[in-house]
Amino acid sequence: MLKGKHIVLGISGGIAAYKSVMLLRLFVKAGAEVQVVITPNGKEFITPVTLSSLSGKPVISDFFTANTGEWHSHVDLGLWADAMVIAPATASTMAKMANGVADNMLITSYLSTRAKVFAAPAMDLDMWKHPSTVRNLARLKADGVDIIEPEAGELASGLSGKGRMEEPQNIFDRVASWLVSPQPLLGKTVLLTAGPTYENIDPVRFIGNYSSGKMGFAIVRALSDAGARVKLVCGPVNLPTPEGNIDRIDVVSAREMLAVCEKEFPHADGAICCAAVADYAPASCASSKMKREKADTITLELVKNPDIAATLGKMKRPDQILVGFALETDHEEENAIGKMARKNLDWIALNSMREKGAGFKVDTNKITLISASGVRIDLPLMTKTEAGRKMVEKIFIDEKADS
Ligand code: CTP
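Summary of the structure given here. (Residues numbered from 1 in each chain as written. Predicted model: local features only at pLDDT ≥ 70, side-chain atom pairs only at ≥ 80, totals over all residues. Heavy atoms only, no water.)

**Quick look at the overall build of the chain**
The condition that has to hold: Here a strand is any run of E in DSSP of at least two residues, a helix any run of H or I of at least four, and the numbering for each starts at the N terminus. Throughout, exposure labels follow a simple rule: accessible area from a 1.4 Å probe, protein chains only, divided by the maximum for the residue type, with under 20% read as buried, over 50% as exposed, and the rest as partly exposed. With residues, only the protein chains shown are counted as cover, and all accessible areas are computed by Shrake-Rupley using a 1.4 Å probe. Only four residue types enter the tally: Lys and Arg on the positive side, Asp and Glu on the negative side; His and the chain ends are excluded. For this purpose, a charge sits on NZ of Lys, CZ of Arg, CG of Asp or CD of Glu.
Summing up its helical and strand segments, the chain has 14 helices and 21 strands in all. Its C-alpha atoms give the chain principal-axis dimensions of about 90 × 50 × 35 Å. For the chain, buried positions account for 49% of its 403 residues. Surface summary for the chain: the accessible area is close to 19800 Å², and the carbon and sulfur share equals 52%. Charge centroids of the chain, computed over 47 positive and 47 negative side chains, lie 2 Å from each other.

Written out as structure tokens, the structure is:
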């Protein structure tokens, strides 16, 4: 199952280190090549002889082999690895990882690796709850480390609570399933707008549209499954946030959506403008409910909303990819290409209102992807989930492989 896969198993100094022997055995049995890197404290809990016998490789702990002066290259090790698994990750190792304190071979290897990193923390319950650990954990997650959370149960201290390292079989399953189907967008951040915007007329009424947010959420799932971190800026929709590395920021109006996008776009590798942004908003919003008996007819003065996609198009750096949608009823392709140029997009996803099964409320879509460089991809009618996957694959993954 894991034949040809290279794993760096990092062991730090906690009582759970004895479980790492089982984890190592599972990796080796599955056919992976494993290089164990152990911290000086780790050696107090488990002997390198046990680990090297099981892995078939000398265990690395020091920067140099004492008697020969041979240097162990953490850079080579980092590049060799397909995955790095730090189990157990003690509070101290987590703190060093979060802050780049490279004072042992495990941390230098961590800082040098381009591979996906998993960490399985293990510590006493109060250490796990300490604000310092909470802070470090959040930082590691933001850095893209996949945290395999500890379980609750009896701890070495005799206390009971959360802090026990996850069982080796479960750690193995998480790592193995990732190695079998890897995530090409790991380390990338994509901003995505979804849903409608509501433009308030008074405290109880608004101008809006029928966008359900389903297409945007399908793309969010596809991005997250491919390993990307997603900043989801979302108008009023009735959809739960998908599982994954997703920060959801709920907004109501186009102006609120724009403000979040302007702040987040510089930190992203790309953006997909999927929201059905209201083109106009009332010039002013009444502070109390407008009363019906006051007038037989009313006129609303509307002002043009900012164009979010076009604003991002002006801010775009050459390394960023910007994608928009076009929902057209006639002269579809011509209008879509015009929109792409006006907004400085790299790709536009065209859905025609004339196509059966495409549009706002349904679960299917029929999309044509057109790039600024002239590529055209006609996707067949498919579920929005499949369409989201295809879009991510064609625009973010194939594109990356080509460049
Ligand atoms: N868009 C946006 N901000 C707006 C209007 C549109 O970010 N104020 C984005 C949409 O999310 C979509 C693309 O621009 O990705 C095209 O949206 P669409 O409504 O088709 O285009 P408009 O520019 O509004 O043009 P029109 O309504 O005249 O066709």
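**Structural notes on the site of the ligand**
To be explicit about the condition: Nearness is defined per residue: one heavy atom within 4 Å of the molecule or strand is enough. As used in this structure description, the phrase polar contact means that two N or O atoms lie within 3.5 Å; if the pair is within protein, one of them must be able to donate a hydrogen and the other to accept it, and residues adjacent in sequence are counted only when both atoms belong to side chains. Charged residues are taken to be Asp, Glu, Lys and Arg, nonpolar residues to be Ala, Val, Leu, Ile, Met, Phe, Trp, Tyr, Cys and Pro, and polar residues to be all remaining types, Gly included.
In the vicinity of the ligand, 14 residues are found, and the nearest of them are Cys-273, Ala-275, Phe-325, Lys-339 and Lys-343. Between the ligand and Cys-273 there is a distance of 2.7 Å, counted from an oxygen atom to a backbone nitrogen or oxygen. For the ligand, the accessible surface in isolation is 560 Å², of which the surrounding protein chains cover 75%. Mapped onto the shell around the ligand, the elements with two or more residues apiece are α12 (308-315) and β16 (321-328). Looking at the shell around the ligand, the element that brings in the most residues is β16, giving four residues. The residue makeup of the shell around the ligand, split by class, is nine nonpolar, one polar and four charged.

**Topic: the sheet that holds strand β3 (residues 83-89)**
Quick reminder of the rule: Two strands are counted as paired when DSSP detects at least two bridges linking them. Pairs of residues are marked as contacts when any of their non-hydrogen atoms sit within 4.5 Å. Helix axes are fitted only over the stretch in contact, all axes being lines through C-alpha atoms; the angle between N-to-C directions runs from 0 to 180 degrees.
Taken together, the five strands give an open sheet; going across it, the order is β2-β1-β3-β4-β5, and neighbouring strands pair in parallel fashion. Bordering the open sheet on either side are β2 (33-38) and β5 (146-147), each of which pairs with just one other strand. In this sheet, β5 lies alongside strand β4 (residues 116-121) in parallel orientation, the contact comprising two bridges. Within β5, the residue paired with Phe-118 across the bridge is Asp-146. With respect to the sheet, helix α9 (residues 168-180) is in contact with β1 (6-11), β3, β4 and β5, its orientation differing from that of β3 by roughly 165°.

**Describing the side chain of Thr-90**
Note that Thr-90 resides in the loop between β3 and α5 (91-99). Assessed through its relative accessible area of 11%, Thr-90 is described here as buried. Within the structure, Thr-90 has its side chain in polar contact with the backbone nitrogen of Thr-93 (distance 3.1 Å).

**Re α5**
All buried positions along α5 are accounted for by Ala-91, Thr-93, Met-94, Lys-96, Met-97 and Ala-98. Looking at the buried positions of α5, the neighbouring elements they touch are β3, α6 (105-112), β4, α7 (125-129) and α8 (131-142). Positive backbone phi, at 65°, marks Gly-100, one or two positions downstream of α5.

**Quick notes on a positive patch on the surface**
Here is the rule: Patch membership requires more than 30% relative accessible area and the absence of a salt bridge. Residues of like charge join within 9 Å; the nonpolar side chains Val, Leu, Ile, Met, Phe, Trp and Tyr join within 5 Å. Put simply, a salt bridge is a Lys or Arg side-chain nitrogen that is within 4 Å of an Asp or Glu carboxyl oxygen.
On the surface, Lys-289, Lys-291, Arg-292 and Lys-294 cluster together into a patch of positive charge. Here Arg-292 lies in the loop between β14 (280-282) and β15 (302-304).

**Examining a nonpolar patch on the surface**
Taken together, the side chains of Tyr-280, Ile-298, Leu-300 and Leu-302 define a hydrophobic patch exposed on the protein surface, amounting to about 370 Å² of accessible area. With respect to the element layout, Leu-302 can be found in strand β15.

**Examining the environment of Thr-113**
Structurally, Thr-113 can be placed in the loop between α6 and β4. Owing to a relative accessible area of 13%, Thr-113 belongs among the buried residues under this scheme. When the C-alpha positions of Thr-113 and Ala-83 are compared, they lie 8.8 Å apart, and in sequence the two are 30 residues distant.

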